[in-house]
Amino acid sequence: MRADTPEPMIKQLPLLALVLSPLCAGAVPAMAQQDLRNLNDMQKAAMSDDVAYDITEGLVTEVGHRMAGTPDEARARDWAVRRLNALGFANVHVEPFQMPVWVRGKEMAQVTAPVPQDMYITALGTSGSTGDKGIEGEIVYFPNMSQLIAAPAGSLNGKIAFVTHDMRVTQDGSGYGFAGPARWRGPNFAAKAGASAIVIRSIGTDQHRNPHTGGTTFDEGVKHIPAGAISNPDADTLERLVALGQPVRMKLVLTPRDMGMQESGNVIAEVAGSDASLAPIVIACHLDSWDLAPSAFDDAAGCGIVTAAAKRVMDAGQPKRTIRLLWAGAEEVGVFGGAAYGKAHADEPHALAMESDFGADRVWKVDFHLADAALKDEIALALAPLGIERGDAHAHGGADVGAIIEAAKPAVIDLQQDGTRYFDLHHTPDDTMDKVDPAQMAQNVAAWTTVLNIVANHDGAIAPEPMAASGEM
Ligand SMILES: [Zn+2]
């Protein structure tokens with residue numbers, strides 16, 4: 001994507017000067033001074049928002065963890081319907097779908113040689129079972145994924161693969177893309193090479209003895225071997241034991257079970273727009289979570305943020321476009337909710353898709369996949385007072401809007417959150433309410449309110465880059 005207006009200039013000028021400056025004169029016809037005042041008022045009010053915090057606190061306290069397709073997620077859906085109705089949204093309903101459900105069992109890991117050590121482990125989603133008695137085997141160490149991928153068929157027969165990585169803290173979360181494949185695909189490659197099980201270094205950046213769970217995917221026909229993540233300090237220990245140069249043996253007990261096809265559901269709610277000829281905007285979060293924690297960051301906070309912002313726009317007066325909330329019912333274990341939404345709504349026009357699924361820390365950057373340069377200018381200028389810079393990356397949305405983006409080709413805007421501490425908490429028992437900073441969460445609400453207020457009242461075409469679609473999508 002090309003870079004747009006130089007950011008430093010935007011950040012240093014007062015907003016009013018920018019509105020009047022040649023930089024955007026004529027380019028931002030919708031930014032009348034009255035509108036700007038309203039927007040400023042809305043931003044200011046949103047900076048002390050407590051609706052997002054209340055939703056997040058309610059969900060993690062009154063429902064707790066909520067694995068997709070389980071009775072816990074069903075309770076979460078009921079809770080969501082009640083809360084969204086109470087907040088005054090229209091058309092609140094559940095769109096059910098079927099999905100395969102996997103649940104955790106017993107979890108134990110122990111190095112048995114050369115020096116006995118207990119380790120903290122958690123099974124990865126879709127992991128196979130060791131059986132109650134467990135298995136024991138020799139560790140084969142892979143310092144990175146490339147070496148595991150290269151392991152020949154049969155070379156790991158009867159062995160337990162151990163793959164590590166070097167994930168670092170990054171503000172934009174890019175360390176996840178680098179290290180993530182060890183979890184997403186490591187078990188598949190270990191199984192193909194004949195391993196009886198695999199342990200991975202947790203995909204995380206903390207130094208607590210918290211293993212990070214998460215999904216893994218086996219190719220069709222590949223055996224689902226037992227697959228677990230050990231905590232980062234335990235992975236350090238295991239690497240040091242390997243470095244001693246003697247055979248390292250481990251005993252594993254992981255007894256997860258497949259529960260077959262079960263019902264999950266997406267919770268939908270709307271702010272009805274005044275002009276039915278304008279395509280709606282979909283804003284998403286996911287209602288489900290892993291089972292190790294009440295999962296305030298992932299993703300109760302996202303549901304709180306997008307919902308609080310939509311409510312603020314609704315309460316300011318009926319917008320022109322419909323804003324549709326998608327609280328996706330199943331993201332963590334395979335994005336079944338987003339897929340179901342994409343399938344059910346593929347033929348409906350969607351102007352814009354957005355998602356909040358990266359915790360509750362502040363928004364620092366906005367990225368676009370949006371054709372209208374003037375509209376991008378308007379949004380970037382309006383976000384600048386919140387300390388949000390304009391990025392030049394291509395906006396992708398999130399997992400739950402992936403299928404509808406593919407099907408309906410809407411524009412996309414990403415409000416990028418600070419991910420510095422996200423992967424300390426991600427998919428661990430530490431993802432609890434105390435991690436949510438109310439001030440940073442309110443800044444998210446202010447950013448979302450700002451964007452939604454502009455786009456939901458924009459009656460010009462909203463279309464993705466690089467070329468305006470034929471007609472509005
Ligand atoms: Zn998430």
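Residues numbered from 1 in each chain as written. Predicted model: local features only at pLDDT ≥ 70, side-chain atom pairs only at ≥ 80, totals over all residues. Heavy atoms only, no water.

Peer 1: So what's going on with the overall build of the protein chain? Residues and values would help.
Peer 2: Looking only at helices and strands, the protein chain features 16 helices and 16 strands. The C-alpha radius of gyration computed for the protein chain amounts to 24 Å, which stays within 12% of the reference 23 Å derived for 473 residues, consistent with globular compactness. Oriented by its inertia axes, the alpha-carbon framework of the protein chain measures out at about 75 × 45 × 40 Å. In the protein chain, which comprises 473 residues, the share counted as buried stands at 56%. As displayed, the protein chain has an accessible area near 18,100 Å², and 53% of this comes from carbon and sulfur atoms. In the protein chain, 37 side chains carry a positive charge and 60 a negative one; their mean positions are 4 Å apart. (Helix = DSSP H or I, 4+ residues; strand = E, 2+ residues; numbered from the N terminus. Rg over C-alpha atoms; globule rule 2.2 N^0.38 Å. Buried < 20%, exposed > 50% of the residue type's maximum accessible area, 1.4 Å probe, protein only. Areas by Shrake-Rupley, 256 points an atom, 1.4 Å probe, with all protein chains shown as cover. Lys, Arg positive; Asp, Glu negative; His and termini not counted. Charge placed at Lys NZ, Arg CZ, Asp CG, Glu CD.)

Peer 1: Any details on the coordination of the zinc ion? Residues and values, ideally.
Peer 2: With distances of 1.9 to 2.6 Å, the protein atoms coordinating the zinc ion are His 286 (NE2), Asp 298 (OD), Asp 357 (OD) and Asp 357 (OD). Each of the 4 donor atoms bound to the zinc ion contributes to angles spanning 54 to 149°, and the resulting shape is irregular. As a motif over one chain, the donors of the zinc ion read H-x11-D-x58-D. Of this pair, Asp 298 sits in helix H11 (residues 296–315) while Asp 357 sits in the loop between strand E13 (352–355) and strand E14 (363–369), placing them 59 residues apart in sequence. (Donors = N, O, S within 2.8 Å, 3.2 Å for Na, K, Ca; no water. Tetrahedral: all angles 85-135°; square planar, octahedral: opposite > 155°, others 65-115°.)

Peer 1: Go over the domain arrangement of the protein chain with me, naming the residues and quoting the values.
Peer 2: Split by domain assignment, the protein chain resolves into domain 1 (10–102 + 261–470) and domain 2 (105–255). A C-alpha centroid distance of 35 Å is found between domain 1 and domain 2. Taken over both partners, the interface formed by domain 1 and domain 2 buries close to 1,600 Å², and the fraction arising from carbon and sulfur atoms is 59%. Three residues, Trp 102, Phe 423 and Asp 424, lead the burial of domain 1 against domain 2; their summed loss comes to 36% of the area buried on that side. Our count for the domain 1 to domain 2 interface comes out at 0 salt bridges. If you look at where domain 1 meets domain 2, you find 8 residue pairs in polar contact (both at pLDDT 80 or more). Taken together, the residues of the side of domain 1 that touches domain 2 break down into 7 nonpolar, 6 polar and 3 charged. (Domains from an automatic or database assignment. Buried area = accessible area lost by both parts, 1.4 Å probe. Salt bridge = Lys/Arg side-chain N within 4 Å of Asp/Glu carboxyl O. Polar contact = N/O pair within 3.5 Å; in protein donor to acceptor, adjacent residues only side chain to side chain. Nonpolar A, V, L, I, M, F, W, Y, C, P; charged D, E, K, R; others polar.)

Peer 1: With reference to specific residues and values, describe the sheet that holds strand E5 (residues 135–142).
Peer 2: Spatially, the 8 strands line up as an open sheet ordered E3-E2-E9-E5-E6-E7-E8-E4, and their pairing is mixed. Each edge of the open sheet is held by one strand with a lone partner, namely strand E3 (117–119) and strand E4 (121–123). Pairs of neighbouring strands in the sheet enclose a mean axial angle of 30°, with direction left out of account. Direction of pairing for strand E2 (residues 107–113) relative to E3: antiparallel, over a ladder of 3 bridges. When the sheet's bridge partners are listed, Val 111 is paired in E3 with Gln 117. (Pairing = 2+ DSSP bridges. Axes fitted to C-alpha atoms, helices over the stretch in contact; angles between N-to-C directions.)

Peer 1: Could you give an account of the pattern of salt bridges, naming the residues involved and the relevant values?
Peer 2: Overall, the coordinates contain 22 salt bridges when judged by the stated rule. Lys 192 is paired through a salt bridge with Asp 219; the nearest N and O atoms lie 2.7 Å apart. Placement of the pair is Lys 192 in helix H9 (residues 186–192) and Asp 219 in the loop between strand E7 (197–201) and strand E8 (227–230), with a sequence separation of 27 residues. Relative accessible area serves as the criterion here: at 25%, Asp 219 is assigned to the partly exposed category. Salt bridges linked by common partners bring Arg 104, Glu 107 and Asp 291 together as one network.

Peer 1: I'd like a rundown of the sheet that holds E14, residues and numbers included.
Peer 2: Reading across from one edge, E1-E10-E12-E11-E13-E16-E14-E15 is the order of the 8 strands in this open sheet, with mixed pairing throughout. With partners counted over all chains shown, the strands left at the sheet margins are strand E1 (90–103) and strand E15 (389–394), one partner each. Averaged over all pairs of adjacent strands, the angle between strand axes in this sheet comes to 25°, irrespective of strand direction. Sheet analysis places E13 next to strand E16 (residues 411–417), joined by 2 bridges and oriented parallel. The residue bridging Ala 353 from the neighbouring strand is Val 412, located in E16. Strands in contact with helix H5 (residues 71–86) are E1, strand E10 (257–271) and strand E12 (323–328); relative to E10, the strand with the most contacts, it is inclined by about 5°. Lying over the sheet, H11 contacts E10, strand E11 (281–286), E12 and E16, oriented at roughly 150° with respect to E11. (Contact = heavy atoms within 4.5 Å.)

Peer 1: How would you explain the packing of helix H4 (residues 51–63) against H5 if you had to name every residue and give the values?
Peer 2: For the pair H4 and H5, interaxial distance at closest approach is 10 Å and the crossing angle is 145°. Between H4 and H5 the crossing geometry is right-handed. Every residue of H5 that contacts H4 at Asp 54, Ile 55, Gly 58, Leu 59, Glu 62 and Val 63 is listed here: Asp 72, Arg 75, Ala 76, Trp 79 and Arg 83. Residues of the contact of H4 with H5, tallied by class, amount to 5 nonpolar, 1 polar and 5 charged. (Left-handed = near helix turned anticlockwise from the far one by under 90°.)

Peer 1: Just give me the short version of the packing of aromatic side chains, but keep the residues and values in it.
Peer 2: Enumeration according to the criterion identifies 7 aromatic pairs in this entry. Members of the aromatic cluster, joined through ring pairs, are Tyr 176, Trp 184, Phe 297, Phe 358, Tyr 422 and Phe 423. (Phe/Tyr/Trp six-rings, centres within 6.5 Å; stacked < 30°, edge-to-face > 60°.)

Peer 1: Please set out the state of the cysteines residue by residue, giving values where relevant.
Peer 2: According to the stated counting rule, one finds 1 disulfide in the structure shown. The residue that forms a disulfide with Cys 285 is Cys 303, at a sulfur-sulfur distance of 2.1 Å. The sign of the 95° torsion about the S-S bond sets the Cys 285-Cys 303 disulfide as right-handed. A residue pair is termed long-range when its members are at least 10 positions apart, and Cys 285 in strand E11 and Cys 303 in helix H11 qualify at 18 residues. Each member of the pair Cys 285 and Cys 303 is classed as buried. (Disulfide = S-S within 2.5 Å.)

Peer 1: Run through unusual backbone geometry, naming residues and quoting values.
Peer 2: Ala 113 connects to Pro 114 through a cis peptide bond whose omega is 5°. With respect to the helices, strands and loops of the structure, Pro 114 is situated in the loop between E2 and E3. Each neighbour pair has its own omega, and for Asp 298 with Asp 299 the value is 10°, a cis peptide bond. Structurally, Asp 299 is set in helix H11. Residues other than glycine seldom take positive phi values, yet Ser 295 does so here, at roughly 60°. Considering the arrangement of structural elements, one finds Ser 295 in the loop between E11 and H11. In this structure, His 427 is a non-glycine residue whose phi angle is positive, near 60°. Among the residues examined, His 427 registers a relative accessible area of 5% and is labelled buried.

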